[in-house]
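Fold and geometry: a report
Residues per chain are reported as follows:
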Amino acid sequence: LTPKENLERPINQTMSAQVRLRLLPSARCLFDEPVQVTVAGLRSKQVVTLRARSTDERGVAFNSSASYRADGRGEIDLNRDASLSGSYVGVEPMGLLRSLKADALHKYFYKNRALEPFMVNFSVHEEEGGMLAEATNERRLIGDGVRRVPVKEGNIQGVLFTPPGEGPFPAVLDLCTFMSEKRASLLANKGFIVLALPLSVLIIYYFLISCFSQVSRKGVGVISRSKGGDIALSLAAFVPGVEAVVWINGCSANVGIPLYYKHHQILSPLMFDFTKVIPSESGANIIKQAVENPLAEENKGSVVPIERAGAHFLFVASEDDLNWDSKDYLDDMVARLKRHQKKNFESVIYPAAGHLLEPPYGPHCPSALHGMLRFPVMWGGEPQAHAAAELHLWKKIQDFLRTHLSCNPAQTKSKL
């Protein structure tokens, strides 16, 4: 079999001439690209179940399913047809991916290593359960020609992704709460040079600026979510060379630990009050109100002075974020910048989205073990609205970074 024939093949040999499940335009694509799932060769109006299954990098199996009725020609097209029941109901072309779920509660789908594709098996089954056909979707994180280079400088370890070509490229620092190559590699596919760094290493300032300053005279972009948000704000406020910041569902103040720059403390920590943690019936906790109020007089030393920054900001908040009070933090930052007659910002608010806004077409995660607090927490988000927010935001991020980091070909060639 050719590779394509191996990815898309009927299972039941007696039905191989009739039933075919196809992934269009190809069974191989990038992680952030949609596929059109179609089935042909069924009986007129036949009801079948489509299933998807995948295993994450920790060996946890995730599954989803949805029932569909074929049209008069015996065909199903997920771009057109509505699911009758299952993991979701209605027309949702990528619903089988979005609704992938583990059997156990509070599981996040770990897909963080760029060199390993996200493999998803799609299959179509009779109502009695027999498999009629299957196809495997290979969803790559790293595109053709993108270079992946591990970076180590003293205690700092990260991964640098460089697009194909000579450059210069717009440069972005991707701050990860815990190391992940997913967002960085996908941005590199779009023409950005991206350094992914975990927040477990916070002594990053001199390193990132000295490193990225060789890429472009335009300056560096920073993208972040959650705890990374206040680090990104601090970089813009205190470190020269930061030109654009994408802040996603973070805080307006420095959370958790003191922040140092040039061996001096520049911000005190905004702390947690764990008596305000709200348990849920599922066993996960809502910690949204557990962070102390950054506007209280005793906490003003933790607030990041973004009004002193020359960078451009994209503030992104989800109103159903159950981890941070992101919307209030966004409103505070916007009001503060306006009071200082600053116009270097824009904001996007997603009413029904949750905390974990990621590149599109991954499984939605409503709750999971918190990597720092070590107990399960609720992330929030109505699944379909959250998926739509991720799709919209992904394009918004790219447009924002290109606008403020665009490189002039006459600028210095990358020496990283």
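Everything numeric in this text was worked out from a predicted model, so none of it was measured.

1. Structural notes on the UniProt feature "active site" (unreviewed entry) in the protein
The sites that carry the UniProt feature "active site" (unreviewed entry) are, in the present numbering, Ser-226, Asp-321 and His-355. What stands out for the annotated residues spanning 130 residues is how close their C-alpha atoms remain, the widest pair being 10.4 Å apart. Beyond its immediate sequence surroundings of up to four residues, Ser-226 is in contact with Thr-177, Ile-248, Asn-249, Gly-250, Cys-251, Asn-323, Trp-324 and His-355. You can see Asp-321 is positioned in the loop between strand S22 (312-318) and helix H6 (326-339). Its relative accessible area of 0% is what places Asp-321 among the buried residues.

2. Brief notes about the environment of Arg-113
By secondary structure assignment, the location of Arg-113 is in the loop between strand S9 (101-102) and strand S10 (118-125). A relative accessible area of 39% means that Arg-113 is categorised as partly exposed. Taking the C-alpha atoms as reference points, Arg-113 and Met-179, 66 residues apart in sequence, are found 9.3 Å from one another. Once residues within four sequence positions are removed from consideration, Arg-113 is found in contact with Glu-57, Leu-141 and Glu-181.

3. Digging into the environment of Leu-24
For Leu-24, the position within the fold is in strand S2 (residues 20-24). Considered as a pair, Leu-24 and Asn-137 are 113 residues apart in the sequence and their alpha carbons are 9.9 Å apart. In this structure, Leu-24 is in contact with Pro-34, Val-35, Gln-36 and Thr-38, ignoring residues within four places of it in sequence.

4. Side note on the confidence of the model for the protein
Mean pLDDT over the protein works out to 90, with 89% of the residues at or above the 70 mark. Taken together, the stretch residues 409-416 has pLDDT below 50 and engages in 21 contacts with residues farther than four places along the chain or on a different chain.

5. Digging into the nonpolar core
Within the largest apolar cluster, 66 residues are counted, with the highest numbers of intra-cluster contacts made by Leu-21, Leu-50, Phe-122, Val-124 and Leu-401. At seven residues, helix H7 (residues 383-405) tops the list of elements feeding residues into this core. Taken domain by domain, the makeup of this core includes at least three residues from each of domain 1 (20-140) and domain 2 (147-408). With 46 residues, the next largest nonpolar core counts Ala-171, Leu-195, Val-239 and Phe-313 among its residues.

6. A closer look at helix H5 (residues 227-238)
Counted at 1.5 Å a residue, the expected span for H5 with its 12 residues is 16 Å, and the 17 Å between its end C-alpha atoms agrees. Summarising burial for H5: 12 of the 12 residues are buried, a large majority. All of the buried residues along H5 are Lys-227, Gly-228, Gly-229, Asp-230, Ile-231, Ala-232, Leu-233, Ser-234, Leu-235, Ala-236, Ala-237 and Phe-238.

7. Focus on the packing of aromatic side chains
Here the structure, examined in full by the defined rule, presents seven aromatic pairs. Ring geometry for Trp-247 versus Phe-315: centroids 5.9 Å apart, planes at 85°, classification edge-to-face. Of the two residues, Trp-247 is situated in strand S17 (residues 242-248) and Phe-315 in strand S22; the sequence distance between them amounts to 68 residues. A residue is classified by how much of its surface remains accessible, and Trp-247, at 0% relative accessible area, is buried. Given a relative accessible area of 0%, Phe-315 falls into the buried group. Relative to Phe-274, the ring of Phe-272 has its centre 5.6 Å away and its plane inclined at 15°; by these criteria the two rings are stacked. Taken together, the aromatic side chains of Phe-31, Phe-62, Phe-109 and Phe-118 make up a single cluster linked through ring pairs. The side chain of Arg-58 reaches across the aromatic face of Tyr-110, ending 3.6 Å from its centre.

What counts and what doesn't
- Residues numbered from 1 in each chain as written.
- Predicted model: local features only at pLDDT ≥ 70, side-chain atom pairs only at ≥ 80, totals over all residues.
- Heavy atoms only, no water.
- UniProt positions renumbered as here; feature names shortened; annotations may be inferred.
- Contact = heavy atoms within 4.5 Å.
- Helix = DSSP H or I, 4+ residues; strand = E, 2+ residues; numbered from the N terminus.
- Buried < 20%, exposed > 50% of the residue type's maximum accessible area, 1.4 Å probe, protein only.
- pLDDT = per-residue confidence, 0-100.
- Core = buried A, V, L, I, M, F, W, Y, C linked by side-chain atoms within 4.5 Å.
- Domains from an automatic or database assignment.
- Expected span 1.5 Å × (residues − 1).
- Phe/Tyr/Trp six-rings, centres within 6.5 Å; stacked < 30°, edge-to-face > 60°.
- Lys NZ or Arg CZ within 6 Å of the ring centre and 35° of its normal.

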